[in-house]
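Read off the chains here:
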Amino acid sequence: MLVYLNGTYVPKERATISVDDRGFIFGDGVYEVIRARDGQLFEAAAHFERLAAGLDALEIQGLARAELQTLETIARELLERNGLVQGNGESGGASEATIYLQVTRGAAPRTHAFPRVATTPTVYLAASPFTPAVALQERGGTAITLPDVRWARCNIKTINLVPNVLAKQRAVEAGATEAIFVRDGAITDGASTNVFAVFDGEVRTPPLSTYLLPGITRRVVLDLAAESGIPVREQPVLLEELARADELFLTGTTTDVQPVCELDGRRIGAGTPGPVTRRLQSALAGRLAGLARAVAS
Ligand code: PDD
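First, a word on scope: everything that follows refers to the structure included in this document. Counting restarts for each chain, with residues numbered from 1 along the sequence as it is written. Per-residue local features are limited, in this predicted model, to residues with pLDDT of at least 70; the limit for side-chain atom pairs, both in listing and counting, is 80 or more; totals at the level of whole chains, interfaces and linings are taken over all residues. Hydrogens are left out, water is left out, and the side-chain values use all remaining heavy atoms of the structure.

**Overview of the overall build of the protein chain**
- The secondary structure content of the protein chain amounts to 7 helices and 15 strands.
- Computation of the radius of gyration draws on C-alpha atoms alone. For the globule rule, the value is 2.2 Å times the number of residues to the power 0.38. Relative to a compact globule of 297 residues, whose C-alpha radius of gyration would be 19 Å, the protein chain shows 20 Å and is just as compact.
- Each principal axis of the C-alpha distribution contributes one length, and for the protein chain these read about 55 × 50 × 35 Å.
- Relative accessibility thresholds used throughout: buried, under 20% of the residue-type maximum; exposed, over 50%; partly exposed, between the two (1.4 Å probe, protein chains only). Counting all 297 residues of the protein chain, 49% fall into the buried class.
- Contacts are assigned to residue pairs that have any heavy atoms within 4.5 Å of one another. Partitioning the contacts of the protein chain with sequence separation of at least 6, the portion at a separation of at least 24 is 72%.
- Split by element, the accessible area of the protein chain, about 14200 Å² in all, is 53% carbon and sulfur.
- Side chains of the protein chain give 30 positive and 34 negative charges; the mean places of these two sets differ by 2 Å. Only DSSP runs of H or I reaching four residues or more are called helices, and only runs of E reaching two or more are called strands; each is numbered from the N terminus. Here the Shrake-Rupley method, with its probe set to 1.4 Å, supplies the accessible areas, and only the displayed protein chains count as covering residues. By the counting scheme adopted, Arg and Lys are positive, Glu and Asp are negative, and His together with the chain ends is not counted. Taken as the charge centre is NZ of Lys, CZ of Arg, CG of Asp or CD of Glu, depending on the residue.

Structure (structure tokens):
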């Protein structure tokens, strides 16, 4: 696999960074995961906007807006160079891939405050083949809840994911597919997803705040719900309310719309993927298919 690191395309095994990199030492950086189908990036503008907002929030300078646009070209180039633009003709399937993109403040002798001499940000992009979790989307998964012990700026997509790593591990150990964070009695994020519930036909998801990631898929699903005439409300969802939710589902770049049929060992609704979740699943699938069709035409 060819990856992109600081201006050059290199085989992944030859891509090296300094041990002084502030991403390695402090987790001082941001990242994005972007979905690609048949060489086309899904919601690229939204991802690069969130990246720019994260760089601003961390005050990582040295990457101009023009360069951010170059990153989009680099991402496309990586898909091309790694043979991820065309599906397998035999099965007729589309070429599914993800782009991982990370920018850190760069390498400098270790000081907590920003280095006194300006550093050049470390820029890393990689493309990988991706297999959507179709079976899980079909039958639905299960989730556990955990106290949200993350910091108070979860809206920034930083590479500091230790609480998320631990939460996902607790989920795996519990035989669940996701861990959902709860802060002050209300749900915030999943370990790597946004969370939606359905009450009496109305879709509800926590409003954007500094306590959750403004997911790109979250935004798309809210738009799709509105387009489909499904009532939506961005309003806090209390953990205790979930006992009477008819449906629960997760969204994310690598998750799509994934039903959750059981939470903390208790069934949600009928214990099977519900009709609103199904409608939004197929609406999102349609959006992704549209991306592939746009290439074909
Ligand atoms: N995670 N919440 C958290 C904490 C996340 O890490 C993610 C994405 C999401 C969903 O956001 P989006 O729809 O933009 O992917 C919500 C990525 C996929 C990851 O860390 O791999």
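**Details of the site of the ligand**
- The environment of the ligand is formed by 18 residues, the closest being Tyr-31, Arg-50, Ile-216, Thr-217 and Thr-253.
- The definition of a polar contact used here is a pair of N or O atoms within 3.5 Å, where within protein one atom must be able to donate a hydrogen and the other to accept one, and adjacent residues in sequence count solely through side-chain atom pairs. Within the backbone of Ile-216, one N or O atom sits 2.8 Å away from an oxygen atom of the ligand.
- In isolation the ligand has 480 Å² of accessible area, and contact with the protein removes 90% of it.
- Looking at the shell around the ligand, the elements that each hand over two or more residues are strand E3 (29-37), strand E9 (186-190) and helix H6 (216-227).
- By the convention adopted, Pro, Cys, Tyr, Trp, Phe, Met, Ile, Leu, Val and Ala count as nonpolar, Lys, Arg, Asp and Glu as charged, and the other residues, Gly among them, as polar. Grouping the amino acids of the shell around the ligand by side-chain chemistry returns 5 nonpolar, 10 polar and 3 charged. Being near a molecule or strand, for a residue, comes down to having at least one heavy atom within 4 Å of it.

**Some thoughts on the sheet that holds strand E1 (residues 2-5)**
- Strands are treated as partners if at least two bridges between them are detected by DSSP. A sheet is described by the order of its strands in space; here 6 strands give the open sequence E2-E1-E6-E5-E3-E4, paired in antiparallel fashion. Two strands bound the open sheet, and with one partner strand each, they are strand E2 (8-11) and strand E4 (40-41).
- Sheet analysis places E1 next to E2, joined by 4 bridges and oriented antiparallel. Counted as the bridge partner of Tyr-4 is Tyr-9 from E2.
- Axis definition: a line fitted to C-alpha atoms, limited for helices to the stretch in contact. Angles are taken between N-to-C directions and run from 0 to 180 degrees. Each of E3, E4 and strand E5 (96-104) touches helix H2 (residues 44-57); the most contacted strand, E3, lies at about 175 degrees to it.

**A word on the environment of Asp-256**
- By the element assignment, Asp-256 lies in strand E14 (residues 256-263).
- Those residues in contact with Asp-256 that lie beyond four places of it in its chain are Arg-35, Pro-132, Gln-137, Thr-217, Leu-250, Thr-251, Leu-284 and Leu-288.
- Within polar-contact distance, the side chain of Asp-256 engages the side chain of Arg-35 at 2.7 Å.

**Some words on the side chain of Asn-164**
- Relative to the helices and strands, Asn-164 resides in helix H5 (residues 162-173).
- In this structure the side chain of Asn-164 is engaged in a polar contact, spanning 2.9 Å, whose partner is the backbone oxygen of Ala-191.
- When near neighbours in sequence (up to four residues on either side) are disregarded, Asn-164 contacts Arg-150, Phe-181 and Ala-191.

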